[in-house]
Amino acid sequence: MRDIRGLKNIVLMGMMGTGKTTVGKRLAQRLGREFFDSDQEIESAVGMKIPEIFARYREIRFRSEEKLVVHKLAALSGIVLATGGGAALDPDNMAALRRSGVLITLRAAPEVILERVSRKGDRPLLRKANPLAEIQILLEQREFAYRQGDIEVDTSELTPDEVADLIIERLKEKGYGKGQG
Ligand code: S3P
């Protein structure tokens, strides 16, 4: 069995609808790694779906649960981790993720993000009269965090498999072998 101690995590970050979870699952499959999704871990820990956590306890409680989960997952090695779109805004989260992982920012055009989030899942932060404008505002506010990725991929016009291929290629170029190192 491969010894994965010390093996860097592959951490996907970026805005909602950029494909972190879908791509993360493919990457994990390809690389024979375990996949985690911070949103799912929060839902299991709290025993509620994310929209319900926001509705009952507001964003502040969600962020504190997110911080606990991110630190717990950042302490593992050799995993693929998809983070929620706001996780990277917290400097402590970023520091923990960076210590143990390679950071990959997924990007997408605002229109593509809107189309994807409308199709899949409920995002409390985008329940606004003009969600496209909200996406643009959030992207601007969050740029300082998303620009910290070691690798960036724009997923707007790529399939999840193409994105996974590209990430594996870029990891190799950076000396992570088959996503290892
Ligand atoms: C959020 C993104 C969501 C989820 C929550 C808040 C954000 O995750 O964590 O709704 O602040 O961008 P995804 O990025 O997986 O949609």
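First things first, this report covers the structure right here in the doc. (Residues numbered from 1 in each chain as written. Predicted model: local features only at pLDDT ≥ 70, side-chain atom pairs only at ≥ 80, totals over all residues. Heavy atoms only, no water.)

Some thoughts on the packing of helix H3 (residues 50–74) against helix H4 (residues 91–100)
Put simply, the test is: Angles here are taken between N-to-C directions and fall from 0 to 180 degrees, while the axes themselves are lines fitted to C-alpha atoms, restricted in helices to the stretch in contact. Numbered from the N terminus, helices here are DSSP runs of H or I no shorter than four residues, and strands are runs of E no shorter than two. Roughly parallel covers angles under 35 degrees, roughly antiparallel covers those over 145, roughly perpendicular covers 65 to 115, and oblique covers all other angles. Here a crossing is called left-handed whenever its near helix is offset anticlockwise from the far helix by less than a right angle, and right-handed whenever the offset is clockwise. What makes two residues a contact is simply this: any of their non-hydrogen atoms within 4.5 Å.
Running from N to C, H3 and H4 point in directions that differ by 15 degrees, and their axes come no closer than 9 Å. When the axes of H3 and H4 are compared, the pair comes out roughly parallel. Taken as a pair, H3 and H4 cross one another with a handedness that is left-handed. Contact residues: Lys67, Val70, His71 and Ala74 in H3; Asp92, Asn93, Ala96, Leu97 and Ser100 in H4.

Focus on unusual backbone geometry
Which entries qualify depends on this criterion: Relative accessible area decides the class of each residue, using a 1.4 Å probe on protein chains only: under 20% of the type maximum gives buried, over 50% gives exposed, and in between gives partly exposed.
Phi angles above zero are rare outside glycine, and Arg58 is one such case at about 75 degrees. With respect to the element layout, Arg58 can be found in helix H3. Classification of Arg58 as exposed rests on a relative accessible area of 57%.

Overview of helix H1 (residues 20–31)
To keep it simple, the criterion reads: The span you would expect from a helix comes to 1.5 Å times its residue count less one. The arc in question is formed by the directions pointing from the helix axis toward the C-beta atoms.
Taking 1.5 Å as the rise per residue, H1 with twelve residues should run 16 Å; its terminal C-alpha atoms sit 16 Å apart, in good agreement. Regarding H1, the residues found buried are Lys20, Val23, Gly24, Leu27, Ala28 and Leu31. Along the axis of H1, the buried residues cluster in a sector spanning 135 degrees; they form a single face. Buried residues along H1 sit against strand E1 (9–13), strand E2 (35–37), strand E3 (80–82), strand E4 (101–107) and helix H7 (160–173). Of the residues one or two after H1, Gly32 is the one with positive phi, at around 65 degrees.

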